[in-house]
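Structural description and commentary
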Amino acid sequence: MLTILTHLLEVLIGFSAGLAVGAGYVAFITILGIVPRLIQLSKTEMFLPIYTACILVGSLFGTYLSFTSVVWNNSVFFIAVWGLLQGIFNGMLAAALAEVLNVFPILYKRIGIEKYLLWLLMAIVFGKIAGSLFQWLYFVKH
């Protein structure tokens, strides 16, 4: 009985940790705004359901590959395309992160408001929350 409870506790802790890490990663990607910016630049808003499905299926497939010992024997062409797509994603992620991290310190130093840094960051956080709520409650059709 103690072994079963121990295993259930391990499952609960592992599942909770996975949810926390997954939520943090999704929040990180969302804050950087890579996907919405790509959709905006490419003017392909009509493919939004396809983008959503691709992100979901890709995440599930990546999770599957991480937890199994599946071996794929693919052609060099397929592996090159796969690597190219991963490189594009990682490059865009790094560029977006660098852009986000450099904007605020430069802005605060130029304006001379370093002592109000906490207040400005809280204003950004609450502004993002208010903007997201406004968008979802007002513009999204239910």
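Quick caveat, the model's predicted, so the values are computed rather than measured. (Residues numbered from 1 in each chain as written. Predicted model: local features only at pLDDT ≥ 70, side-chain atom pairs only at ≥ 80, totals over all residues. Heavy atoms only, no water.)

What follows deals with the overall build of the protein. Each helix and strand counted, the protein has five helices and zero strands in total. Seen along its three principal axes, the alpha-carbon backbone of the protein occupies a region of about 55 × 50 × 35 Å. Taking all 142 residues of the protein together, 6% fall into the buried category. Across the protein, contacts joining residues at least 24 apart in sequence account for 41% of those joining residues at least 6 apart. Carbon and sulfur atoms provide 76% of the accessible area of the protein, an area that totals close to 12,200 Å². (Helix = DSSP H or I, 4+ residues; strand = E, 2+ residues; numbered from the N terminus. Buried < 20%, exposed > 50% of the residue type's maximum accessible area, 1.4 Å probe, protein only. Contact = heavy atoms within 4.5 Å. Areas by Shrake-Rupley, 256 points an atom, 1.4 Å probe, with all protein chains shown as cover.)

Further remarks concern the environment of Leu 48. Looking at where Leu 48 falls in the secondary structure, it is placed in helix H3 (residues 48-67). When the C-alpha positions of Leu 48 and Pro 36 are compared, they lie 9.5 Å apart, and in sequence the two are 12 residues distant.

Attention now moves to a nonpolar patch on the surface. On the surface, Leu 38, Phe 77, Val 81, Leu 84, Leu 85, Ile 88 and Met 92 cluster together into a nonpolar patch covering about 660 Å² of accessible area. Sort the elements by how many residues they give to the nonpolar patch and helix H4 (residues 76-111) lands first, with six residues. Its place among the elements puts Leu 38 in helix H2 (residues 34-42). By relative accessible area, Leu 38 is classed as partly exposed at 37%. (Patch = residues over 30% accessible without salt bridge, like charges linked within 9 Å, V, L, I, M, F, W, Y side chains within 5 Å. Salt bridge = Lys/Arg side-chain N within 4 Å of Asp/Glu carboxyl O.)

This next bit is on the environment of Ile 79. Summarising the element assignment, Ile 79 is placed in helix H4. The exposed category is assigned to Ile 79, whose relative accessible area is 51%. The spacing of Ile 79 and Tyr 64 is 15 residues in sequence and 18 Å in space, taken between C-alpha atoms.

This brings us to the environment of Ile 4. Among the secondary structure elements, Ile 4 is positioned in helix H1 (residues 2-32). Here Ile 4 falls in the exposed class, since its relative accessible area comes to 52%. Along the backbone, Ile 4 and Leu 133 are 129 residues apart, and their C-alpha atoms lie at a distance of 43 Å.

In this section: the packing of aromatic side chains. Summed over all chains, the structure comprises two aromatic pairs. Relative to Trp 82, the ring of Phe 78 lies with its centre 5.8 Å away and its plane at 40 degrees, an arrangement referred to as tilted. A residue pair is termed a helical-turn pair when its members lie 3 or 4 positions apart in one helix, as Phe 78 and Trp 82 do in helix H4 at four residues. Residue Trp 82 is classed as partly exposed on the basis of its relative accessible area of 35%. (Phe/Tyr/Trp six-rings, centres within 6.5 Å; stacked < 30°, edge-to-face > 60°.)

Moving on: the nonpolar core. Counting residues in each nonpolar core, the largest one holds five residues, listed as Ile 29, Leu 32, Ile 34, Leu 93 and Ala 96. Contributing elements (two or more residues each) for this core: H1 and H4. Ignoring anything within four residues of it in the chain, the contact list for Ala 96 reads Leu 32 and Ile 34. (Core = buried A, V, L, I, M, F, W, Y, C linked by side-chain atoms within 4.5 Å.)

Further remarks concern the UniProt feature "transmembrane region" (unreviewed entry) in the protein. Cross-referencing UniProt, the feature "transmembrane region" (unreviewed entry) maps to residues 12-35, 47-67, 79-104 and 116-139 in the present numbering. Along residues 12-35 one finds 96% helix and 0% strand; the C-alpha atoms at either end are 32 Å apart. Summarising residues 47-67: 95% helix, 0% strand, and an end-to-end C-alpha distance of 30 Å. (UniProt positions renumbered as here; feature names shortened; annotations may be inferred.)

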